[in-house]
Amino acid sequence: MRADYGPRMANDTALLDSFGTISEAQLAELGWTLKPEGLCQDDTCVLVPDRGALVSDVGLDLAVLGDLLDRPVAVDTEAGLAAIGAPRATRRRTLDDLVAPDFTLPDLVGGGVTSLSDHRSKKRLLIAFSSWCGCGYELPGWQTLQQEIHAEGYTDFEIIAVAIDENLEKLRELAEGITYPVVVDADHVVTELYAISNVPTVVLINEDDTIAMPNWSAYGSDLFSEFTGVESDRQHDRIRRWVREGDAGMSTAEAIGVVGDLSSEEEAARLHFRLALALRDRGDQAGCDRNFDRAAALAPEDWTIRRAMMPLRGQDPFGENFMALYEDWKAKGSPYHGVRGY
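Residues numbered from 1 in each chain as written. Predicted model: local features only at pLDDT ≥ 70, side-chain atom pairs only at ≥ 80, totals over all residues. Heavy atoms only, no water.

Asks: Where do I start with the overall build of the protein chain in this structure?
Replies: Across its full length, the protein chain holds 15 helices and 17 strands. Computed over C-alpha atoms, the radius of gyration of the protein chain comes to 20 Å, within 12% of the 20 Å expected from 2.2 N^0.38 for 342 residues, which places it in the range of a compact globule. The principal-axis extents of the C-alpha atoms in the protein chain amount to approximately 65 × 45 × 40 Å. Taking all 342 residues of the protein chain together, 54% fall into the buried category. (Helix = DSSP H or I, 4+ residues; strand = E, 2+ residues; numbered from the N terminus. Rg over C-alpha atoms; globule rule 2.2 N^0.38 Å. Buried < 20%, exposed > 50% of the residue type's maximum accessible area, 1.4 Å probe, protein only.)

Asks: For this particular structure, what's the right way to read helix α15 (residues 320–331)?
Replies: Since the α-helix packs 3.6 residues into each turn, any two residues three or four apart lie on the same face. Relative to the 16 Å expected for 12 residues at 1.5 Å per residue, α15 spans 17 Å between its end C-alpha atoms, a close match to the ideal helical length. Looking at the packing, one finds that the buried side of α15 touches α8 (225–228), α13 (303–306) and α14 (309–312). A positive phi of about 90° marks G333, the residue just after α15. (Expected span 1.5 Å × (residues − 1). Contact = heavy atoms within 4.5 Å.)

Asks: I'm lost on the sheet that holds strand β6 (residues 44–46) in this one. Help?
Replies: Note: strands within a sheet are paired through backbone hydrogen bonds, in either parallel or antiparallel orientation. Strands sit in the order β4-β5-β6 across an open sheet of 3 strands; the sheet is antiparallel. For this open sheet the edge positions go to β4 (33–35) and β6, each flanked by a neighbour on one side alone. Across the sheet, the mean angle from the axis of one strand to that of its neighbour is 35°, orientation sign disregarded. With 3 bridges connecting them, β4 and strand β5 (residues 38–41) associate as antiparallel partners. What sits directly across from T33, in β5, is C40. (Pairing = 2+ DSSP bridges. Axes fitted to C-alpha atoms, helices over the stretch in contact; angles between N-to-C directions.)

Asks: Could you clarify how one ought to interpret the sheet that holds strand β7 (residues 55–56) in this entry?
Replies: One open sheet holds the 3 strands; their spatial order is β3-β8-β7, and the pairing between them is antiparallel. Each edge of the sheet is formed by a strand with only one pairing partner; in this case those strands are β3 (21–22) and β7. Two strands pair when backbone bridges link them, and β3 and strand β8 (residues 59–61) are joined in this way by 2 bridges, in the antiparallel orientation. The partner of I22 across the bridge, within β8, is L60.

Asks: Quick question: what am I supposed to make of the pairing of strand β2 (residues 13–17) here?
Replies: Successive residues of a regular strand alternate their side chains across the two faces of the sheet. In terms of burial, β2 is a largely internal element, 4 of the 5 residues being buried. As paired strands, β2 and strand β10 (residues 81–84) are joined by 4 bridges and run antiparallel to one another. Bridging across to β10, L16 finds its partner in A82.

Asks: Please clarify how helix α11 (residues 264–281) should be interpreted in this entry.
Replies: End to end, α11 covers 26 Å across 18 residues, agreeing with the expected 26 Å (1.5 Å per residue, within 8%). With 14 of 18 residues buried, α11 is to be regarded as a mostly interior element. Looking one or two residues beyond α11, the residue adopting positive phi is G283, at roughly 85°.

Asks: Before we go on, may I ask you to explain unusual backbone geometry in this structure?
Replies: With the exception of glycine, the majority of residues adopt a negative phi angle, and the majority of peptide bonds are in the trans configuration. In this structure, P200 follows V199 across a cis peptide bond, with omega equal to 5°. As for its placement among the helices and strands, P200 is situated in the loop between α7 (189–194) and β16 (201–205). The backbone phi angle of S121 is positive, close to 85°, even though this residue is not glycine. Mapping S121 onto the fold places it in the loop between β12 (113–115) and β13 (123–129).

Next up, the structure:
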C-alpha cells in the first residue's frame, strides 16, 4: 500500500505522462511558467537560449527542460511515462554549504503531514530508516534517547524519522508507542535531496537549518551490534554532546563536501525506481520490472535502491538475496554516501 500523495508529485519532484515532452500545464504543476523572458518561478527566470529546441507542437522537450533547470530526467518510452527529479543545486547546497533542505511528508504518528521546517528553532536528529532494514526495530531506542534528553531540560531537540519505504502496515507496527514524527517517503525524495544511499543514516541539523553532522550511519540501540560492530551508546554520547554543548564532534570544514554527490547514474536510478512504482500501481508489471532492472543496473551498490526493491519483488530483504548483496558491497569497499570513522 502506497502513501497517499494525491497527485503524483512530492517535494518538488513529479511523475509525468509523456513521450519525452510535457505540456505547459504540467510545467505549471512543477511551479514553472514559460514566459518571453525565459522559464520563470516566482521572481527567478532561467534564460532559454534556444526556444525552438525546448518548444514544439507537441510540448516542451523534457531533456532540454532538465538541462535548463539542472534537474535529472528519466523517461520510459515504452510506457510513455517520465520522472523529473529535484534540482541538483538543492543537493549541492546540502553537501557543500551544509544547508538542510526542507521536505513535507505524510506523518504516521501525528497524522496529516510534517515538514522539517515545522521544527525549526530546534536541534533535529533526522533518521532515515525502513521496514526492510533491522534499523526499523531501533525506533524505541531513539525514543529513549529523546526522552532522556528532554528530561534534562533540552526540549529544543526533536527526532524526525523518515521511512524510505511504502509498507504502511509494517511501518505503523514499528511506530507503535513512538511520539516523535515518523514520516513516509515512499518516493525516496529525501534520499535524493540528502544523497542518502543506505539506512540507517542520520543527519544532525542545527536550529538555523545548517547541518552539524552530515550523513552518518548511527544506530538507535545495540540490537544488531554483533553484526555491525558498532556500540550505539558511543554514538548517542556524540548526540548528547551536540545537544548540550553544540559540539557534533566534526568541524564545519570537515563536514563540507565529506559526503560525495550522487552520480548521474545514481540520480537516474532513483527516478527509474519511482517509475517502477508508478507502473506497478497502474498494473503494468512488465514496465515495473523493466524500471527496477534499470535502477539496479545504474546503482548496484545503493541499498536504498537494491535492497528496497527486494520486498517489492517478492524477495526476502533479510535472506539470501540480501546476504549476497552485502558480501558484494563489502568486497567493493562498502561504498556509502556518508562520513566514516565516527
